[in-house]
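Topology and contacts: notes
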Amino acid sequence: MTSRVRIALIVGLAGVVLVTLVMAPMLMSTFPSFLGGGSGMTADCEDSAVMNVTNVSTTAQSDIPSDYLQLYKKWGKKIGVQWTVLAAVGKRETDHGRSTLAGVKSGTNYAGAAGPMQFLISTWGGKAKVKIPSKFNGYASDGDGDGYGDIYNPADAILGAAKMLKRNGAPGDLKRALFVYNHAMWYVEQVLEIARRYATDGTLDLPPEADPECDAPIVEAAPTDIVRKILTYALAQRGKPYRWGGTGPEGFDCSGIIYMAYRAAGLSIPRTTFGQWPFGVKIEKGSEQAGDLVFFNAGPGTSAGSPGHVGMVVSPGKMVEARCTLCGPIKVTTYRDRPNIVGYTRPLQNPDVLAQLKRLGLT
């Protein structure tokens, strides 16, 4: 796909979409757990995604009840997911709460789903109305401030749905997030099609880290030619699957993509996360730059002194990573809001790497 999908390209599908918009609510998956294009402007690549809540098409204005529209926009912006996608889920599930089928206003449908966003009771929190705050496992949320997460309350349900989409890949990996919501690719494509129709320009806003058009500014901003080579290789692997022990070309694990990116630039560093952590020179938080590594206390048998996951910084606050088998493909993600960061290192300052650079005539 190109980075911008025009409305003109989907007019031919309009009839099909209109037929499917009011189909019966779909079952939400209980699987627990971040397609459109950006503007292509360099300025959009400099900051984290800002959810655009002004791109409301005439279709959206005429189809979405005003109270629901405000809730989609409010929670989409606050949680950090596209309001159009959130609204498209609400449309596909219950026609924004207007469906008269069982489970929308009370009870559950044939599959056990309830409310305007069709949560399973177990996914919501074990019961339809959960006191907030209290201990529970689910997406029950208090969107109207009354102290309860009510599965039938649009404000609560829409907030809960935004959290679920966010946790499972939105705003960057929309197909994964929607597939977790309902395990069917036809459902994913229908929701994305509706979302495009709800946007003024017919696109899906993507955060900079998910937009390929932002690769060029990232590479151009690299501090040296060596780092540019490293980034060029790493970014070219985006979209490939995580593969434990993988060093490409079909797939990579977290340290494998870093090992191969450095190798593509003519440099040799340790292969595994456990080897890469002590290899690079430790640097202070906030001083990291492209080509540096960020380590996490994650995975079995790991600790603060022996981190088990690593990503490579591509720009301030962003890294390329191969995270896990169920985490979606290799992609650029944000890291500053991620828990369990152990520290940062700069492999390019390791004495052995400095010697390699000298032999290559690059120092």
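Okay, so let's go over this structure.

Conventions used here
Residues numbered from 1 in each chain as written. Predicted model: local features only at pLDDT ≥ 70, side-chain atom pairs only at ≥ 80, totals over all residues. Heavy atoms only, no water. Pairing = 2+ DSSP bridges. Helix = DSSP H or I, 4+ residues; strand = E, 2+ residues; numbered from the N terminus. Core = buried A, V, L, I, M, F, W, Y, C linked by side-chain atoms within 4.5 Å. Buried < 20%, exposed > 50% of the residue type's maximum accessible area, 1.4 Å probe, protein only. Axes fitted to C-alpha atoms, helices over the stretch in contact; angles between N-to-C directions. Parallel < 35°, antiparallel > 145°, perpendicular 65-115°, else oblique. Left-handed = near helix turned anticlockwise from the far one by under 90°. Contact = heavy atoms within 4.5 Å. Nonpolar A, V, L, I, M, F, W, Y, C, P; charged D, E, K, R; others polar.

**Observations concerning the pairing of strand S10 (residues 341–346)**
Moving residue by residue along a regular strand, the side chains alternate between the two faces of the sheet. Sheet topology places strand S5 (residues 281–283) next to S10; three bridges connect them, and they run antiparallel. Looking at the pairing, Val 281 lines up with Arg 346 of S10. Direction of pairing for strand S6 (residues 293–296) relative to S10: antiparallel, over a ladder of four bridges. Bridge pairing in S10 links Phe 295 to Gly 343.

**Observations concerning the nonpolar core**
Looking at soluble globular proteins, one finds that nonpolar side chains tend to be buried together. In terms of nonpolar packing, the biggest core is built from 47 residues, with Ile 64, Tyr 72, Trp 83, Met 117, Phe 119, Leu 165 and Tyr 181 touching the most fellow members. Residue assignment for this core shows that the elements contributing at least two residues are helix H3 (66–79), helix H4 (83–94), helix H6 (154–167), helix H7 (174–181) and helix H8 (185–198). When residues of this core are assigned to their parent elements, the largest contribution, eight residues, is made by H6. Core analysis: the next-biggest nonpolar cluster, separate from the first, contains 35 residues, Val 219, Val 227, Ile 257 and Tyr 262 among them.

**Concerning the packing of helix H10 (residues 225–236) against helix H11 (residues 254–264)**
Interhelical geometry of H10 versus H11 gives an angle of 135° and a closest axis separation of 8 Å. Classified by the angle their axes make, H10 and H11 are oblique. In this structure, the crossing between H10 and H11 has a hand that is right-handed. Contacts between H10 and H11 involve Ile 230, Tyr 233 and Ala 234 from the first element and Ile 257, Met 260, Ala 261, Tyr 262 and Ala 264 from the second. The residue makeup of the contact of H10 with H11, split by class, is eight nonpolar, no polar and no charged.

Bear in mind that shape data such as this cannot, by itself, settle questions of function.
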